[in-house]
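# Residue-level structure breakdown
Chain by chain, the residues run as shown.
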Amino acid sequence: MTIKGAIAAGHAQTVRAAAVILDEGGNAFDAVLAATFAACVVEPVLSSLGGGGFLMAGPAGGGEPVLYDFFSQTPKRRNPGGELDFHPITADFGSVTQEFHIGMASIATPGTCKGLFQVHRDLCTMPMGRLAEPALALARKGFTVNRLQAYLFQVVGPIYMHSDASRAIFASPANPGETMGEGETMTNPDFADTLDALTREGEDLFYRGEIAAAINRDCRTGGGLLGRDDFESYRVA
């Protein structure tokens, strides 16, 4: 048996997504993208196309590694003077609590989507649509929430239970008023539709198309700061 690599993640389904791609002959970066898409479904507290991140790519034969910086960027627009949707919540980690701020004005320009497409162009060998298939299946058919993710849901419960739209995804069917618990089945078909569209239409859907337009509209009417120029000018470093 040939060992192709080691995979570590916060959910077994994230690991499986990467392993499937490696078994099909994909390289390490194909596996990373498949795992990231899957993590956005099964590990949504820490993984999101609406967030930002970094990827360090080391050449297999040696040489200088390359850092992809696609961290989120603060809005260009200053506070126009109106009322902002920006308020604190307390995240309870058990032994310690920490204050975070949520609301439309807390949103920064997401970099993850553009970063993943850049990595795909530079380093991957398999079609983006194939890399997204494990995540699409998980989002549509459902997956079992594990202990770690259930704990993280509890920590950020005040965020996930803040709005009707978020509760529709993260609220526990068995325990109203609480987030999904260990062993419960979770789906996210709207995310699946969005990811599917992105793999077919490309990153411009996010940064110049319908997604950017929707976020711009919501920010303008809901007390946020992001605008179309934030999305259109975003670059991966």
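So, here's what we can say about the structure. Position numbers for residues count from 1 along each chain, tracking the sequence in the order it is written. Since the coordinates come from a predicted model, pLDDT governs what is reported: local features require at least 70, and pairs of side-chain atoms require 80 or more to be given and counted, while whole-chain, interface and lining totals use all residues. Just so you know, side-chain values use all the structure's heavy atoms and leave hydrogens and water out.

### Observations concerning the overall build of the protein chain
- Think of it this way: any DSSP run of H or I at least four residues long counts as a helix, any run of E at least two long counts as a strand, and we number them from the N terminus. Assigned secondary structure in the protein chain consists of 11 helices and six strands.
- The C-alpha radius of gyration of the protein chain comes to 18 Å, within 12% of the 18 Å expected for a compact globule of 237 residues.
- Dimensions of the protein chain, computed from C-alpha atoms along their principal axes, come out at roughly 60 × 45 × 35 Å.
- A total of 237 residues make up the protein chain; the buried ones form 42% of that total.
- Contact definition: two residues touch when any of their heavy atoms are within 4.5 Å. At a minimum sequence separation of 6, the contacts of the protein chain that also span at least 24 residues come to 63%. We compute the radius of gyration over the C-alpha atoms and compare it with the globule rule, which gives 2.2 Å times the number of residues raised to the power 0.38. Partly exposed describes any residue whose relative accessible area lies between the buried limit of under 20% and the exposed limit of over 50%, with all areas from a 1.4 Å probe on protein chains only and scaled to the type maximum.

### Concerning the packing of aromatic side chains
- The pairing test for Phe, Tyr and Trp rings, Trp by its six-membered ring, is centres within 6.5 Å, and the orientation test on the planes gives stacked under 30 degrees, edge-to-face over 60, and tilted for anything in between. A full pass over the atoms with the stated rule returns eight aromatic pairs.
- Between F153 and F170 the ring centres are 5.7 Å apart and the planes differ by 65 degrees, which places this aromatic pair in the edge-to-face class. Placement of the pair is F153 in helix α5 (residues 147–155) and F170 in helix α7 (residues 164–170), with a sequence separation of 17 residues. Of the two residues, F153 and F170, neither departs from the other in class, the shared state being buried.
- Arranged with centres 6.3 Å apart and planes meeting at 45 degrees, the rings of F206 and F231 form a pair that is tilted. Here F206, found in helix α9 (residues 204–207), pairs with F231, found in helix α11 (residues 228–232); they are 25 residues apart in sequence, far enough to count as distant.
- Taking the relative accessible area as the measure of exposure, F231 reaches 0% and is therefore buried.
- Put simply, the rings of F206, Y207, F231 and Y234 pair up and form one aromatic cluster.
- In this scheme, the term charge over a ring applies when either NZ of a lysine or CZ of an arginine sits within 6 Å of the ring centre and within 35 degrees of the ring normal. Here K114 stacks its cationic end above the ring of Y207, 4.8 Å away from the centre of that ring.

### Thoughts on the layout of surface pockets
- The distinction between a cavity and a pocket rests on a 1 Å grid over the protein atoms alone: a 1.4 Å probe fits inside a cavity but cannot get out, while a pocket stays open yet meets protein on both sides within 12 Å along at least five of seven lines, and a residue with an atom within 4 Å of a point counts as lining. Grid points are joined across faces, edges and corners, and a volume is the space filled by probe spheres set on the points. Here the second largest pocket is characterised by a volume of approximately 190 Å³.
- The wall of the second largest pocket is formed by 14 residues, among which I7, A8, A9, V32 and A35 lie closest to the centre.
- A breakdown of the residues in the lining of the second largest pocket according to their chemical character gives nine nonpolar, four polar and one charged. Think of it as three bins: nonpolar holds Ala, Val, Leu, Ile, Met, Phe, Trp, Tyr, Cys and Pro, charged holds Asp, Glu, Lys and Arg, and polar takes everything else, Gly as well.

### Digging into the nonpolar core
- Residues L33, F37, V41, L49 and L195 are the most contacted members of the largest nonpolar core, which totals 53 residues.
- When sequence neighbours within four positions are dropped, the list of residues in contact with F37 reads L49, L116, M128, L131, A132, A135, F191 and L195. For our purposes a nonpolar core is just a set of buried Ala, Val, Leu, Ile, Met, Phe, Trp, Tyr and Cys residues, chained together by side-chain atoms within 4.5 Å.

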